[in-house]
Amino acid sequence: GLTYFELLAGEDKVLEIGPGLATATLAGTLTADGAPESGISVTLIGGGIIKASRTDEDGSYSFDGLLPQTYTALIGTGMASSHATEILIEAGDNRFDHELPTGGLEVRVVRESDGTPVPGTPVTASSDDSLGNPIMTLTDSDGVALFRFLNPGPYQVSAGSAAMPMLGGDAE
């Protein structure tokens, strides 16, 4: 549960919490065009908690030991979490089956001088439907960054240092 207390200057307190914390589980299936999607990463983020899972051959995933709260679920392939949705988890067993959007984006990054692919380049895509979280991945050995499960709508795509403004890149 939630406990409030006041700590006075120079005072040490011992706070015991438990076993009254409610826990929850989450299980579900991810599909696209009605078919199960295997090997898809599902990452739950909420309240300082980050948990990750991957769908099996039936498109099923599961989490246990969750605290009841709202989580943002980031769903994608490889390093790209290209679909985000919010899930309210209540105490006990929860189920979230989700039909993924079928849109996708392939970005090829090449050197301007000779057109050769540039592997390992960060690429981000941002949209109004991504809960404010840009999607990021790295290009593969062919210089290709693949984003799956995108909702229809406008996207802004950046590559290289422009894709990483928090690391000193130019966001323009």
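See the structure above.
Residues numbered from 1 in each chain as written. Predicted model: local features only at pLDDT ≥ 70, side-chain atom pairs only at ≥ 80, totals over all residues. Heavy atoms only, no water.

**Q** An account of the nonpolar core is requested, with residue identities and associated values reported.
**A** If you look at the biggest cluster of nonpolar residues, it comprises 18 residues, and the most contacted ones within it are Leu26, Leu44 and Leu66. Residue assignment for this core shows that the elements contributing at least two residues are strand 1 (24-32), strand 3 (41-46), strand 5 (60-66), strand 6 (69-77) and strand 7 (80-89). If one sorts the elements of this core by residue count, strand 1 sits on top with 4 residues. The residues contacting Leu26, other than those within four sequence positions of it, are Leu44, Tyr61, Ser62, Phe63, Leu66, Ile87, Ile89, Asn94, Arg95 and Phe96. (Core = buried A, V, L, I, M, F, W, Y, C linked by side-chain atoms within 4.5 Å. Buried < 20%, exposed > 50% of the residue type's maximum accessible area, 1.4 Å probe, protein only. Helix = DSSP H or I, 4+ residues; strand = E, 2+ residues; numbered from the N terminus. Contact = heavy atoms within 4.5 Å.)

**Q** Which residues make up the environment of Phe96, and what values go with them?
**A** Following the sequence through the fold, Phe96 ends up in the loop between strand 8 (92-95) and strand 9 (98-99). Setting aside anything within four residues of it in sequence, one finds Phe96 in contact with Leu26, Ala27, Gly28, Thr29, Tyr61, Thr85 and Ile87.

**Q** I'd love a proper account of the environment of Ser41, names of residues and values included.
**A** Position of Ser41 among the secondary structure elements: in strand 3. Residue classification places Ser41 among the buried residues on the basis of a relative accessible area of 9%.

**Q** Outline the pattern of salt bridges, listing residues and values.
**A** Overall, the coordinates contain 2 salt bridges when judged by the stated rule. A salt bridge links Glu37 to Arg148; the nearest nitrogen and oxygen atoms lie 3.0 Å apart. Of the two residues, Glu37 sits in the loop between strand 2 (35-36) and strand 3 while Arg148 sits in strand 13 (residues 144-150), which places them 111 residues apart along the sequence. For Glu37, a relative accessible area of 14% corresponds to the buried category. With a relative accessible area of 29%, Arg148 lands in the partly exposed category. Its salt-bridge partner being Arg95, residue Asp97 comes within 3.0 Å of it at the nearest N-O pair. Among the residues examined, Asp97 registers a relative accessible area of 45% and is labelled partly exposed. On the basis of relative accessible area, Arg95 is assigned to the exposed category, the value being 55%. (Salt bridge = Lys/Arg side-chain N within 4 Å of Asp/Glu carboxyl O.)

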